[in-house]
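What follows is each chain in one-letter form.
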Amino acid sequence: MSFSAFNLDPSLVRGISDLGFTDPTPIQQAALPEALAGRDVLAAAQTGSGKTAAFVLPILQRLHGRTEPGTRALVLTPTRELAAQIHEHLLALGRHSRVTSATVFGGVKQGPQERALRAGVNVVVATPGRLLDLIGQGCARFDRLEVLVLDEADRMLDMGFLPDIRRILAKLPASRQTMLFSATLPQPIVQLSRDMLRDPARINVERRATPATGISHAVLPVPEKLKSKLLVELLRRDEVGTALVFTRTKHRANRLALVLDKAGISCDRIHGNRSQPQREAALKAFKTGRLRVLVATDLASRGIDVADLPHVINFDVPAQVDDYIHRVGRTARAEATGSAVTFVSPDDEPAIAAIERVVGRRIARRTIDGFDYAEKPAAALEVPIAERIAAIRAQKAGERARAKVNAERRARNGTPSGSAGNKVSAHPAAAPGGARARYRSSNQRRNAGR
Ligand code: AMP
């Protein structure tokens, strides 16, 4: 089947060929005829399947050539990165049409988004939180809305966006075309689809999400404390060129980036504590090849779309099987090939076993020849919190003991107690509480998640 089968407007055919797409992917083959006919769609689509064009092309086909202002289509997505990526796709495919569009998400200035909404751009690609804020401020009008898309609905559920989505739904006209895309279809999403879709075309709904074909999976067993060393070793050996590396937490992403930096490997990180401009700059530098490694957490992983990304490395095994599918889906996009390597410490074995059940086979274990698995690590990526507090206490106790000796010596020599004496008394009062407070907050930050 070719794109010509869909009778798309010539402006869109040009957009498609500009992007170098020759044949529609399976999800596009299944969804495009239904969506172009105006039907509601419920699609279980993996990331990397080409699902964005499956909903963007019908929107553009509906809106091209229409000149009246007013927001006609709304795409809701879980993350800023994904919103930005969908918008890029929309701009590229619609380059020769006159459809206007804007993104709406947090972490950037509200003014331009507010103006775009007030002006009634044709298509809005938004994350739920910022959109609700702007709706609350009376900036957004959806009375002319014709199409609603929920993308990565399962991730929106995971992120607690379902109540926000229902609040947004209440502001939209009931008569519209609705398309729901989700990698997996857990019960709350099935319920949501029942509430919001009318006689939908069901695409791939039977199949549980599995990682895209074309990905080779490998497990590298390694003691937790040697993970950083193993990663540096893989990068040094040129076994891996550019790689997207996933860690469990923001803190671990930061620490790992420091280790790589020290080893002379160009890298940056994206996670929830990074500002939107920082994330965009990091992603751009990685996409254009200026960085060899991008370290990311799961929250930031959706929407990372890098052409020809050959390697995804799970520095930490993801806690959720779906996260594994989404992480490794960053490579082998649109039926290309890629490799997904997962570092597995003995504690991670149960988590990898759950992943293997979904992948449908045992993933090959590999060891790296010449790597010293028995070596004592120079430093752990994370020093356990109790150890860090104990070290600080020992250091402070040493300082106090030395200060006491000095004070006694000065007293013996008849030196009046001066500034040094004040310092001595200041330490015990200030340091332990201060140190504790500092570490407690860094611990909380780590636990605050991804
Ligand atoms: P998506 O699943 O929508 O995020 O798309 C994954 C990747 O596949 C993106 O890089 C798209 O540009 C690419 N893609 C989408 N449709 C096609 C197609 N028909 N042929 C080749 N690549 C495509």
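Residue positions are given per chain, counted from 1 along the sequence in the order it is written. In keeping with the model being predicted, local features are shown solely for residues with a pLDDT of at least 70 and side-chain atom pairs are shown and tallied solely at 80 or more, while totals for entire chains, interfaces and linings include all residues. Excluded from the side-chain calculation are hydrogens and water; included are all heavy atoms of the structure.

**Q** Give a description of the overall build of the protein chain that names residues and reports values.
**A** Numbering of helices and strands runs from the N terminus; a helix is a DSSP stretch of H or I covering at least four residues, while a strand is a stretch of E covering at least two. If you tally the helices and strands in the protein chain, you get 17 helices and 13 strands. Burial classification: accessible surface area is computed with a 1.4 Å probe over protein chains only, and a residue below 20% of its type maximum counts as buried, one above 50% as exposed, and the rest as partly exposed. Looking at the protein chain residue by residue over its 450 residues, the buried ones come to 51%. We call two residues in contact whenever any of their non-hydrogen atoms come within 4.5 Å of each other. At a minimum sequence separation of 6, the contacts of the protein chain that also span at least 24 residues come to 76%. Summed over its atoms, the accessible surface of the protein chain is roughly 20,700 Å², and 51% of this surface lies on carbon and sulfur atoms. Each accessible area is a Shrake-Rupley result for a 1.4 Å probe, and residues are judged covered by the shown protein chains and nothing else.

**Q** Got a sec to walk through the confidence of the model for the protein chain? Specific residues and values, please.
**A** Detailed reading of the predicted coordinates is not advisable wherever pLDDT is low. As a per-residue quantity, pLDDT reports the predictor's confidence and falls between 0 and 100. When pLDDT is averaged along the protein chain, the result is 83, and 83% of the positions lie at 70 or above. Contacts from residues 205–209, a stretch scored under 50 in pLDDT, to residues over four places away or in other chains number 12 contacts. Taken together, the stretch residues 417–450 has pLDDT below 50 and engages in 30 contacts with residues farther than four places along the chain or on a different chain.

**Q** Pulling in residues and values, what's your account of the pairing of strand β12 (residues 311–314)?
**A** Residues His311 and Ile313 of β12 are buried on one face, and the alternating residues Val312 and Asn314, pointing to the opposite face, are buried as well. Pairing of strand β9 (residues 243–246) with β12, which is carried by 4 bridges, proceeds in the parallel orientation. Residue pairing across strands places Ala243 opposite His311, the latter belonging to β12. Where β12 lies against strand β13 (residues 338–344), 4 bridges are found, and the strand directions are parallel. Following the sheet pairing, His311 is matched in β13 by Ser339. A pair of strands is labelled paired if DSSP reports no fewer than 2 bridges between them.

**Q** If you had to explain the sheet that holds strand β5 (residues 147–150) to someone new, which residues and values would you point to?
**A** The 7 strands are arranged β3-β4-β2-β5-β6-β1-β7 in an open sheet whose pairing can be described as parallel. What marks the edges here is a single partner per strand, and that holds for β3 (101–104) and β7 (201–203). On average, each strand axis in the sheet is inclined to that of its neighbour by 10 degrees, with strand direction left out of account. Of the pairings in the sheet, the one linking strand β2 (residues 73–76) to β5 comprises 4 bridges and is parallel in character. As a rule, the C-alpha atoms of each element are fitted with a line to give its axis, helices using only the stretch in contact, and angles between N-to-C directions run from 0 to 180 degrees.

**Q** So what about the packing of helix α4 (residues 80–93) against helix α12 (residues 276–287)? Which residues, and what values?
**A** Each pair of packed helices can be summarised by the angle the axes make with each other and by the distance between the axes. Following both chains from N to C, one finds α4 and α12 inclined at 55 degrees, their axes separated by 11 Å at the closest point. One element, α4, and the other, α12, form an angle in the oblique class. As for the relative orientation of α4 and α12, their crossing is right-handed in sense. Facing α4, whose interface residues are Arg80, Glu81 and Glu88, α12 presents Gln276, Arg279 and Lys287. Note on residue classes: Ala, Val, Leu, Ile, Met, Phe, Trp, Tyr, Cys and Pro are nonpolar, Asp, Glu, Lys and Arg are charged, and everything else, Gly too, is polar. Among the residues making up the contact of α4 with α12, the classes are represented as no nonpolar, 1 polar and 5 charged. Oblique is the label for every angle not falling under 35 degrees (roughly parallel), over 145 degrees (roughly antiparallel), or within 65 to 115 degrees (roughly perpendicular). In this scheme, a crossing is called left-handed if the near helix is turned counterclockwise away from the far one by less than a right angle; it is called right-handed if the turn is clockwise.

**Q** Tell me what's going on with the nonpolar core, and back it up with residues and numbers.
**A** To define a nonpolar core, start from buried Ala, Val, Leu, Ile, Met, Phe, Trp, Tyr and Cys residues and group those joined through side-chain atoms within 4.5 Å. Ranked by internal contacts, the top residues of the largest apolar core, which has 36 residues, are Phe55, Leu57, Ile59, Val149, Met179 and Phe181. Sorting elements by how many residues they give to this core places helix α3 (residues 51–63) first, with 8 residues. Counting residues in each nonpolar core, the second largest holds 33 residues, with Leu117, Val121, Ala126 and Cys139 among its members.

**Q** Give me helix α15 (residues 349–359): which residues, what numbers.
**A** For α15, every residue scored as buried is listed here: Ile352, Ile355, Glu356, Val358 and Val359. Looking down the long axis of α15, one finds its buried residues gathered within 160 degrees of arc, a one-sided arrangement. Looking at α15, the residues exposed on the side facing more than 90 degrees away from the buried face are Pro350 and Arg357. Of the residues trailing α15, Gly360 is marked for its positive phi of about 90 degrees. It is the directions from the helix axis to the C-beta atoms that the arc portrays.

**Q** Now, about the environment of Arg194: what can you tell me, with residues and values included?
**A** Among the secondary structure elements, Arg194 is positioned in helix α9 (residues 187–196). We classify Arg194 as exposed; its relative accessible area is 54%. Arg194 sits 152 residues away from Leu42 along the chain, and the two C-alpha atoms are 9.9 Å apart.

**Q** Lay out unusual backbone geometry in plain terms, naming residues and giving numbers.
**A** Here Asn7, not a glycine, exhibits a phi torsion of approximately 55 degrees, which is positive. Considering the arrangement of structural elements, one finds Asn7 in the segment before α1 (10–18). What makes Asn7 exposed here is its relative accessible area of 66%. A positive phi angle is found at Asp199, which is not glycine, with a value near 45 degrees.

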